[in-house]
Amino acid sequence: MIKQSDCESLWGAACEYAQLASDKFVKEWPHWSENEKKMAREKTREEMQIHFLFPNLQDGERYALLALKFANKSVSLLVNSPTVGLNDEQRKDREFKTTEVEKLFLEAKSHVLACGLFRKLSPVQQNIIQDKYLNIDFQLD
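An account of the accompanying structure is given in this report. (Residues numbered from 1 in each chain as written. Predicted model: local features only at pLDDT ≥ 70, side-chain atom pairs only at ≥ 80, totals over all residues. Heavy atoms only, no water.)

## Notes on the pattern of salt bridges
Right, so step 1: Counting across every chain of the model gives nine salt bridges.
Right, so step 2: Measuring nitrogen to oxygen at the nearest pair gives 3.5 Å for the salt bridge that ties Lys 132 to Glu 8. Of this pair, Lys 132 sits in helix H5 (residues 123-134) while Glu 8 sits in helix H1 (residues 4-27), and the two are 124 residues apart along the sequence.
Right, so step 3: Looking at Glu 8, the relative accessible area reads 35%, which means it is partly exposed.
Right, so step 4: In this structure, the salt-bridge partner of Asp 131 is Lys 132, at a minimum N-O distance of 3.8 Å.
Right, so step 5: Using a relative accessible area of 30% as the deciding quantity, one classes Asp 131 as partly exposed.
Right, so step 6: Residue Lys 132 is classed as partly exposed on the basis of its relative accessible area of 21%. (Salt bridge = Lys/Arg side-chain N within 4 Å of Asp/Glu carboxyl O. Helix = DSSP H or I, 4+ residues; strand = E, 2+ residues; numbered from the N terminus. Buried < 20%, exposed > 50% of the residue type's maximum accessible area, 1.4 Å probe, protein only.)

This is the structure in structure tokens:
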């Protein structure tokens, strides 16, 4: 039986480690703009977190998880962002973007599920992928 507290402890440690590492690495790139640094920190943080959580996977498998994580995050942001104040054209644009990102998420999800990487994972790692990578969080108003 997998304890949710074990998954959350490992997730929290990975988040903390990845944050420290990405902050340190990006500080050493002074020639980048603040926007570039922000994007680099986020990408580096996600990559470091995946390396920490899934050291037993090959690079291609970890990048498949990274693609899934970013697609998940994109869907969550679009479906949970407010639509109040949008005109008809903006709403249609949002719906189009949401549909496109949902397609990317489903493709990434299908790839991760079909490529067989779950056979290489511990039950805790499987639970983390299910909870943090495959589920979309919906915020109710």
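Let us keep going from here.
## Re the packing of helix H3 (residues 59-80) against helix H4 (residues 88-114)
Right, so step 1: Contact geometry of H3 with H4 gives a least axis separation of 8 Å together with a crossing angle of 150°. Comparing their axes, H4 and H3 come out roughly antiparallel. The element H3 and its partner H4 pack so that their crossing is left-handed. Contact residues: H3 offers Ala 64, Leu 65, Ala 67, Leu 68, Ala 71, Asn 72, Ser 74, Val 75, Leu 78 and Val 79, while H4 offers Arg 94, Lys 97, Thr 98, Val 101, Glu 102, Leu 104, Phe 105, Ala 108, Lys 109, His 111 and Val 112.
Right, so step 2: Of the residues that constitute the contact of H3 with H4, the class distribution is 13 nonpolar, four polar and four charged. (Axes fitted to C-alpha atoms, helices over the stretch in contact; angles between N-to-C directions. Parallel < 35°, antiparallel > 145°, perpendicular 65-115°, else oblique. Left-handed = near helix turned anticlockwise from the far one by under 90°. Contact = heavy atoms within 4.5 Å. Nonpolar A, V, L, I, M, F, W, Y, C, P; charged D, E, K, R; others polar.)

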